[in-house]
Amino acid sequence: MRVVVGDTEAFDAHEVDATHPERPARSKAAREGAARLGDRIGRYPVVPATRAQVERIHHPLYVEAIAATEGAPEPVVFDEDTAAYGGTYRAALLSAGAAVGGVDAVFALADAPEATRAFALGRPPGHHAEVDRAMGYCFFNSVAIAAQHSIDAHGCKRVAIVDWDVHHGNGTQRSFEMRRDVLFVSSHQHKLFPPTGGFYKETGRGAGKGFTVNLPLPYEATDAQLLRLHQAITAPVLEDFAPDLILVSAGFDAHADDRTADQRITARGFGRLAALLCGVADRVCAGRTVFVLEGGYDRAALADSIAAVLEAALDPASFAEELPPPGATEAAIVAQLVELHGPAWPRVRGLRSSTAPAG
Ligand SMILES: [Zn+2]
């Protein structure tokens, strides 16, 4: 197994107000986490995404509005927590380019006979950015741009995006909710941000009905609760969908030490979730998995979690652990999700008898 990381200090061009949680120190922490793997992991070059790649997801006038902030002496405010500074446009193109480069890396089989996984360590994050709207610290939706690139440049017929950031990936969902070639699965703290979406009954629209899966988490969800939802729902949906590539919106703000949210996930928990997804990727798409950094604002937790995910990408088996039996509430949630997603996904449908509540 070959694992490569995309990183550059040029992400720091997105310099923000010193009090903002999404600041350059995050990149330093991410870098430190990756450095713990030493020479067991490789590198791929990070170049900016092209305007054409970005405009496959975002409206050209919106891209132009972000481009116009280049070199701005004062921050240009897009929403209450999202402002572009002089170097933001450059950094956002690089962050999207890191995701695109990760996709290219896992398809570069000519010089990598082994299955490859990649981790794009870019910032700013992207999953809240909508077609014509910056929000939630995000400008360009890197994971969505990478998914579209895998279709355009590598001929992918089906791409899956799993978003485990503690916030709902509203931008990604909006980009693909009408499509059936890009599956979107998101686990997130219920009603955290944005509070207006990510409900479990949102399952896609029109031709995309069934191809959006939302897994809202309760307050203080544990590793076992997070893993069980992904094991019960995400894994069988992915096996049925059989994507050519799995992209992961890897945010680490569900970590117990991250004060952005109210979850209790550990670094090892993120590693176990990464191992679950890599295991599916090994079965359905020659292992091809690209992790794209989203949130994660506690620096020590970010470094530990990124190191754990990279370890899991190298050796998923080392993260295999039995889950404790589910509590009654948890079993009821899974049963409800099985009922909802069973009609679209045979492997989920097959779980019906085993998850049906007694009586
Ligand atoms: Zn987040």
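Note that the structure is predicted; figures quoted are calculated from it, not measured.

Trainee: Help me understand the packing of helix H7 (residues 223-241) against helix H10 (residues 328-341) in this model?
Mentor: Describing two packed helices takes the angle between their axes plus the distance from one axis to the other. One can describe the packing of H7 onto H10 by two numbers: an axis separation of 11 Å at closest approach and a directional angle of 20 degrees. The pairing of H7 with H10 is recorded here as roughly parallel in orientation. For H7 against H10, the interelement crossing comes out right-handed. Facing Gln225, Arg228, Leu229, Ala232, Ile233 and Val237 of H7, the residues of H10 in contact are Glu330, Val334, Leu337 and His341. For the contact of H7 with H10, the class distribution of residues is six nonpolar, two polar and two charged.

Trainee: Teacher, can you tell me more about H10 here?
Mentor: Given 3.6 residues per turn, any residue in an α-helix points the same way as the ones three and four places further on. Given a rise of 1.5 Å per residue, 14 residues ought to cover 20 Å, and the 20 Å separating the end C-alpha atoms of H10 matches this to within 8%. Every buried residue belonging to H10 is among Ile333, Val334, Leu337, Val338 and His341, and all of these are buried. For H10, the angular spread of the buried residues around the axis is 140 degrees, confining them to a single face. Projecting away from the buried face of H10 at angles above 90 degrees are the exposed residues Ala328 and Thr329.

Trainee: When you look at the nonpolar core in this model, what are you seeing that I'm missing?
Mentor: One broad trend across soluble globular proteins is that nonpolar side chains are buried collectively. With 118 residues, the main nonpolar core has Ala99, Ile246, Leu247, Val290, Val292 and Val309 as its most contacted residues. Not counting residues up to four positions away in its chain, the partners in contact with Val309 are Phe119, Ala250, Phe270, Gly271, Ala274 and Phe291.

Trainee: Looking at this model, I keep getting lost on the confidence of the model for the protein chain. Mind explaining?
Mentor: Predicted coordinates in areas of low pLDDT are best not read in detail. For the protein chain, mean pLDDT is 95; residues scoring 70 or higher make up 96% of the total. Confidence, expressed as mean pLDDT per element, reaches its minimum in the protein chain at helix H12 (residues 352-355) with 69 and its maximum at strand S6 (residues 159-163) with 99.

Trainee: Would you mind going over the pairing of strand S9 (residues 245-250) with me for this structure?
Mentor: Here is the key point about a regular strand: its side chains alternate between the two faces of the sheet. Extensive coverage of S9 is indicated by the burial of six of its six residues. Neither face of S9 is exposed, since Leu245, Leu247 and Ser249 on one face and Ile246, Val248 and Ala250 on the opposite face are all buried. For S6 and S9, the ladder comprises five bridges, and the chain directions are parallel. Residue pairing for S9: Asp163 is matched across the bridge by Ser249. For the segment spanning S9, helix H8 (residues 267-284) and strand S10 (residues 289-293), crossover handedness is right-handed.

Reading the values: rules and limits
- Residues numbered from 1 in each chain as written.
- Predicted model: local features only at pLDDT ≥ 70, side-chain atom pairs only at ≥ 80, totals over all residues.
- Axes fitted to C-alpha atoms, helices over the stretch in contact; angles between N-to-C directions.
- Helix = DSSP H or I, 4+ residues; strand = E, 2+ residues; numbered from the N terminus.
- Parallel < 35°, antiparallel > 145°, perpendicular 65-115°, else oblique.
- Left-handed = near helix turned anticlockwise from the far one by under 90°.
- Contact = placed C-beta atoms within 7 Å.
- Nonpolar A, V, L, I, M, F, W, Y, C, P; charged D, E, K, R; others polar.
- Expected span 1.5 Å × (residues − 1).
- Buried ≥ 20, exposed ≤ 12 C-beta atoms within 10 Å, placed from the backbone.
- Arc of directions from axis to C-beta.
- Core = buried A, V, L, I, M, F, W, Y, C linked by C-beta atoms within 7 Å.
- pLDDT = per-residue confidence, 0-100.
- Pairing = 2+ DSSP bridges.
- Right-handed = clockwise from strand over helix to strand, strands pointing away.

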